[in-house]
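Report on the structure
Next come the chains, spelled out residue by residue.
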Amino acid sequence: MKQLIGNLKGDKVIWSFVALLALFSFMPVFSASSNLAYLGHGTGNTLGYLVKHLAHICIGFTIIYLVHKVPYHYFRAISKVGLPVVWILLAYTLIKGTVIAGANASRWIQIPFVGITFQTSTLASLVLFIYVARYLSKTREEPIDFKESLKELWIPVFITLMFILPANFSTTALIFSMVIMLVFIGKYPIKYIGFIIGSGIVFLAFFVLVSKAFPDSRFFSRVSTWSSRIENFTTDKPDEDDYQIEKAKIAIASGKIYGLGPGKSVQKNFLPQSSSDFIYAIIVEEYGLIGGFGVLTLYLLLLFRFVIASHKANTLFGKLVVIGLGFPMIFQAMINMAVAVELLPVTGQTLPLISSGGSSIWMTCFALGIIISVTKKDEEIEEELKVAAKREEALQKLIDAELASEEEINSDYSIEDKAGNPMDAVMNK
């Protein structure tokens, strides 16, 4: 264990906060999964869901460990190559996605042979944020030409959002907001940012108008869901989402200050998505306001650590990568909590590192691995380079020894004429 901890590089505080959130997640997931267990096989046994969550967390930390060993500047080139690949995946997801009650819910694809579902928009957001950070760091020393930035920056951004929007408005809005925040921090001209925001609003309005013209199309079927959620949120009309919110508020009110105790939640048996979208309500019900504020504090401390890591980064690309990957993670957590207390309409955003789910945990861990790679100190990078140099030196010695051995063998069996008799070299052998 000591050797493993010694191999962990980068910001140890970020490692600690991530480990605390992941360890805490087992208790609410184990408790909140009882509803899924009853619906799934009627026994209420949540052990299978706990083991599944354990597997997801273990794979996630393996991803963090492997990714944080990779120099973060490698992802500059990967983002440019990976963006077209992401578009293909998003298009495939949009076409092959499932339809639930006539509504387009094409957010996941099934990985062949393993049967695991994967939400492609989470991968798309990571690649897009790194791509934007790459562009901003590349043009930092030069005046930005708006027409050129439209081609190199905003067209790829809008293409990505165009593939995500029909199935997931909340994720599209979150990604667009984070891109705007990132370009603002990257000192992109404010007058151009205003034009881009206006263009985004116009594009969204056009999308809604087209959906009204083709209401039966599966690509526009989610628009009615968005509008009904916003309308019900502003007018308090009863609907299915209102049922979820009411159950979530009952759970929060039941928790009071100290909570009902681990595993003693009542609303987990009635609240849909109690282990994912509304897990924060279950946390407050079982651990009270103390537990709820404790989770909130951990996320805020993690945000503060991201700010420090960004400030300490040696390159502009590193600073922007930490902001672009770290801030959306925290804002997603805030949105999840705000939905639970009815500050926002239902969005379907999970609580990072705590909610159950495979692809969301893995992509969060992938982002954390890149962030931790940025936080590695100069001496750690130098040490890794020395280890790599020693490996290359050892490999070169092996190659030289093998070549020397082959030359010695060849010289022993030479048939070169040295004695004047052409047959002496053969007969002596």
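Attention here is on the structure that accompanies the text. (Residues numbered from 1 in each chain as written. Predicted model: local features only at pLDDT ≥ 70, side-chain atom pairs only at ≥ 80, totals over all residues. Heavy atoms only, no water.)

1. Quick notes on the packing of aromatic side chains
Put simply, the rule is: Put simply, two rings from Phe, Tyr or Trp (the six-membered ring, in Trp's case) pair if the centres are within 6.5 Å, and we call them stacked under 30 degrees between planes, edge-to-face over 60, tilted for the rest. Secondary structure elements are taken from DSSP: a helix is a run of H or I of four residues or more, a strand is a run of E of two residues or more, and numbering for both begins at the N terminus. Any residue under 20% of the maximum accessible area for its type is buried, any over 50% is exposed, and the rest in between are partly exposed; the area is computed with a 1.4 Å probe on protein chains only. Distance and angle both matter: a charge sits over a ring if NZ of Lys or CZ of Arg is within 6 Å of the ring centre and within 35 degrees of the ring normal.
The final tally for this structure, using the stated rule, is nine aromatic pairs. When the ring of Tyr72 is compared with that of Phe317, the centres are 6.1 Å apart and the planes differ by 15°; the resulting orientation is stacked. Here Tyr72 is found in the loop between α4 (47-68) and α5 (74-96), whereas its partner Phe317 is found in helix α13 (residues 316-340), with 245 residues between them in sequence. With relative accessibility at 3%, the residue Phe317 sits in the buried group. Among the aromatic residues, ring-to-ring pairing joins Phe146, Trp154, Tyr188, Tyr192 and Phe195 into one connected group. Note that Arg76 overlies the ring of Phe317, its terminal NZ or CZ placed 4.9 Å from the centroid. Above the plane of the ring of Phe270 lies Lys247, whose end atom (NZ or CZ) is 5.2 Å from the centre.

2. Structural notes on α5
The condition that has to hold: By definition here, a helix of n residues has an expected span of 1.5 Å times n minus one. Values of bend correspond, residue by residue, to the angle between axes fitted over the seven residues ending at that residue and the seven starting there.
With 23 residues, α5 ought to run about 33 Å at 1.5 Å a step, and its terminal C-alpha atoms sit 32 Å apart, in line with that. Bending of α5 peaks at approximately 35° at the position of Gly82, with proline Pro84 no more than four residues after it. Taken as a whole, α5 has its buried residues at Phe75, Ser79, Gly82, Leu83, Val86, Trp87, Leu90, Thr93 and Leu94.

3. Remarks on a nonpolar patch on the surface
Which entries qualify depends on this criterion: Nonpolar side chains (Val, Leu, Ile, Met, Phe, Trp, Tyr) within 5 Å and like charges within 9 Å form the patches, drawn only from residues with over 30% relative accessible area and no salt bridge. Using a 1.4 Å probe, the Shrake-Rupley method yields the accessible areas, and only the shown protein chains count as cover for residues. The salt bridge criterion pairs a side-chain nitrogen of Lys or Arg with a carboxyl oxygen of Asp or Glu, the two atoms within 4 Å.
Side chains of Ile257, Tyr258, Leu289, Ile290 and Phe293 sit close together on the surface and give an oily, nonpolar patch of about 570 Å² of accessible area. You can see Leu289 is positioned in helix α12 (residues 279-312). Using a relative accessible area of 38% as the deciding quantity, one classes Leu289 as partly exposed.

4. Observations regarding helix α14 (residues 359-374)
Taking 1.5 Å as the rise per residue, α14 with 16 residues should run 22 Å; its terminal C-alpha atoms sit 23 Å apart, in good agreement. Most of α14 is tucked away, with 15 of its 16 residues classed as buried.

5. Quick word on the pattern of salt bridges
Scanning the model with the defined rule gives six salt bridges in all. In this structure, the salt-bridge partner of Glu148 is Lys151, at a minimum N-O distance of 3.6 Å. Within this pair, Glu148 and its partner Lys151 are both found in helix α7 (residues 146-164), separated by three residues, close to a single helical turn. Classification of Glu148 by relative accessible area gives partly exposed; the value is 33%. Residue class for Lys151 comes out exposed when judged on its relative accessible area of 53%. Across the pair Glu342 and Lys249 runs a salt bridge whose closest N-O atoms are separated by 2.7 Å. Highlighted residues: Glu342 in the loop between α13 and α14 and Lys249 in helix α11 (residues 240-255), separated in sequence by 93 residues.

Keep in mind these numbers describe shape, not what the thing actually does.
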